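Below are the chains, spelled out letter by letter.
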Amino acid sequence: MRPSPSARLLRGVLVAGLALGLPATALSAPAAAADGYDRCPDGTVCVFSEPLYRGDMLVVRGPMASLGAWDNRIRSFVVKLRGFSDAVCFSPNPGLDPEGAVHFYSGDSFDESPYPELDRAVSSLDVGPEADDFCGSESRYPVLYDYVGTRPAALPADGRFGDLNNDGHADVAGRNLLGQLWTAHDYDTPGVTRLVGGGWNAMTALTRHGDQDGDGNEDAYARDRSGALWLYPGDGRGAFKPRRQVGGGWNSMRDLAAAGDLTGDGRGDLLASDGDGVLWTYPGTGRSGFGARRKVGGGWKAINELVGAGDMNSDRRADLVARDTTGRLWLYPGTGRGGFGTRKLIGDGGWNAHRELAGLGDVTGDGRPDLVAHLGAASASWTMGLRVYPGTADGRLRAPRDLGQLRSTTFVF
Ligand SMILES: [Ca+2]
Ligand SMILES: [Ca+2]
Ligand SMILES: [Ca+2]
Ligand SMILES: [Ca+2]
């Protein structure tokens, strides 16, 4: 979008080089090297193992958080991206680390001589419109605003869900388009996040709500493409200990939501809706497994989002927030026996504009759980927003306020 100072400087170097009539080898390729330049397909970035577009060529069409065999091997490149705002960002570190990264636009190219700092020193590559915004400044991680409240210390244990690092603040967990999972929880320093790791695009469902295995740290469930359900035990510092498989065959479920204790035994439970529209409660055993599932009811096909939002109506029983396909939002008050009472309309339309909804516990610091919404593509520019809808004592939601900017984030939970 806007060239960073580093990019402007580099472009200036190119222009200045032309104006000063520097040796042609620095800026235009000799005939032998033109082959490599010409071989590079339009709409891509090509990197080469030798100066002047010689040696092996790798065609890059999207972000590469790590380069594998190409790590520290790039010696020249050419940028043939189509849009003016498309850019490529070369980082000396893996994971698109913005530290020391520099970026270039369509038409730019280099061999090792004008940019010695990049010669055999690139470990990750970001490509696309967003590479323009984040290169050398901030990475593809979220920026959270710093007015997230500290929740009251006196809150009962089941009201303190959402806190992955046990500092009393609700945290955000998200997955970006590279499959990296991050957790954000340092509100005194907006923008600081913890990168948990990569490979999370293999997961088809992610959910968390409180402690599942009884060690006091918040945990997460993830379902992989084969239908295996995994428990990721929280380490209490914003990341996870080695995962444990909870079971298989979970691909028959349309949606999963860790929802706190629905059965009244003090242990966290899981809700799952299947392809026939039946909603099930999987009662947690407190040891990362489940007892026999219980049928909550049928007719849940019209629901496209389940949120284990906590006790929204202040009766000390965990509740469920659900969105229907027409965009309305409902509160299903928990009975404390694994079922729900009569549902209540808490949002009368438009909620399908949100990509997803998440229950992160008390975000605002008044002791009541809130609802967090990740804005959908319809409202997206180069950032996608995160909003909090503060909960009221009787289970309604107040007008939202901005909670943060989400960069390249595809899922929040
Ligand atoms: Ca926290
Ligand atoms: Ca735990
Ligand atoms: Ca329970
Ligand atoms: Ca309740």
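Residues numbered from 1 in each chain as written. Chains lettered and ligands numbered in written order. Predicted model: local features only at pLDDT ≥ 70, side-chain atom pairs only at ≥ 80, totals over all residues.

The name that an unreviewed UniProt entry assigns to the chain is ATP/GTP-binding protein, with the source organism given as Streptomyces hydrogenans.

**With respect to the overall build of the chain**
Helices and strands together make up the secondary structure of the chain, namely three helices and 28 strands. Taken over 413 residues, the chain has a buried fraction of 45%. Taking the intrachain contacts of the chain between residues at least 6 apart in sequence as the baseline, contacts between residues at least 24 apart amount to 50%. (Helix = DSSP H or I, 4+ residues; strand = E, 2+ residues; numbered from the N terminus. Buried ≥ 20, exposed ≤ 12 C-beta atoms within 10 Å, placed from the backbone. Contact = placed C-beta atoms within 7 Å.)

**Considerations on the sheet that holds strand 13 (residues 220-224)**
In a beta sheet, neighbouring strands pair by backbone hydrogen bonds and run either parallel or antiparallel. Judged by pairing direction, the sheet is antiparallel, and its four strands sit side by side in the order 12-13-14-15 without closing on themselves. Either end of the sheet is taken by a strand with one partner, and the two such strands are strand 12 (203-208) and strand 15 (244-247). Averaged over all pairs of adjacent strands, the angle between their axes in this sheet comes to 30°, without regard to strand direction. (Pairing = 2+ DSSP bridges. Axes fitted to C-alpha atoms, helices over the stretch in contact; angles between N-to-C directions.)

**What about unusual backbone geometry?**
Look at Leu52: it is not a glycine, yet its phi comes out positive at around 60°. Topologically, Leu52 is positioned in the loop between strand 1 (45-50) and strand 2 (54-60). When the 21 C-beta atoms within 10 Å are taken as the criterion, Leu52 is described as buried. Non-glycine residue Arg120 carries a positive phi angle of around 55°. Examined against the element boundaries, Arg120 turns out to sit in the loop between strand 6 (109-110) and strand 7 (124-128).

**Some remarks on the nonpolar core**
As a rule of thumb, soluble globular proteins bury nonpolar side chains together. Within the largest apolar cluster, 61 residues are counted, with the highest numbers of intra-cluster contacts made by Val307, Val321, Leu371 and Val372. The contact partners of Val372, leaving out residues within four places of it in the chain, are Leu357, Ala358, Leu360, Val363, Leu386, Arg387, Val388 and Leu403. By size, the runner-up hydrophobic cluster in this structure holds 31 residues, among which are Cys40, Leu52, Tyr53 and Ala65. (Core = buried A, V, L, I, M, F, W, Y, C linked by C-beta atoms within 7 Å.)

**As for the environment of Arg54**
Relative to the helices and strands, Arg54 is located in strand 2. Once the C-alpha coordinates of Arg54 and Gly36 are considered, the two residues, 18 residues apart in sequence, prove to be 6.0 Å apart.

**Things to note about the confidence of the model for the chain**
Counting all residues, the mean pLDDT for the chain is 85, and 85% of those residues have values of 70 or more. Considering only residues more than four positions removed or in separate chains, one finds that residues 1-31, a stretch of pLDDT under 50, has 29 contacts. Throughout residues 378-382 the model reports pLDDT below 50, and contacts reaching past four residues in sequence, or to other chains, amount to eight contacts. (pLDDT = per-residue confidence, 0-100.)

**Some points on the environment of Tyr37**
Position of Tyr37 relative to the elements: it lies in helix 2 (residues 31-39). Separated by 43 residues in the primary sequence, Tyr37 and Lys80 place their C-alpha atoms 9.5 Å from one another.

**Observations regarding the sheet that holds strand 18 (residues 279-282)**
Spatially, four strands are ordered 16-17-18-19 in an open sheet, and the strand pairing comes out antiparallel. Lying at the two open borders of the sheet, with one neighbouring strand each, are strand 16 (253-258) and strand 19 (294-297). Across this sheet, the average inter-strand angle for adjacent strands is 25°, counted without regard to direction.

**Let's talk about the pairing of strand 17 (residues 270-274)**
Side-chain positions along a regular strand alternate between the two faces of the sheet. Of all five residues in strand 17, four are buried; the element is thus mostly enclosed. Bridge count between strand 16 and strand 17: five bridges; the pairing is antiparallel. Bridged to Leu256 within strand 17 is Ala272. As paired strands, strand 17 and strand 18 are joined by four bridges and run antiparallel to one another.

**Points about the environment of Asn93**
When you line up the elements, Asn93 lands in the loop between strand 4 (87-91) and strand 5 (102-105). For the pair Asn93 and Ser123, spaced 30 residues apart in the sequence, the C-alpha separation amounts to 5.0 Å. If sequence neighbours within four positions are ignored, Asn93 has contacts with Glu99, Ser123 and Ser124.

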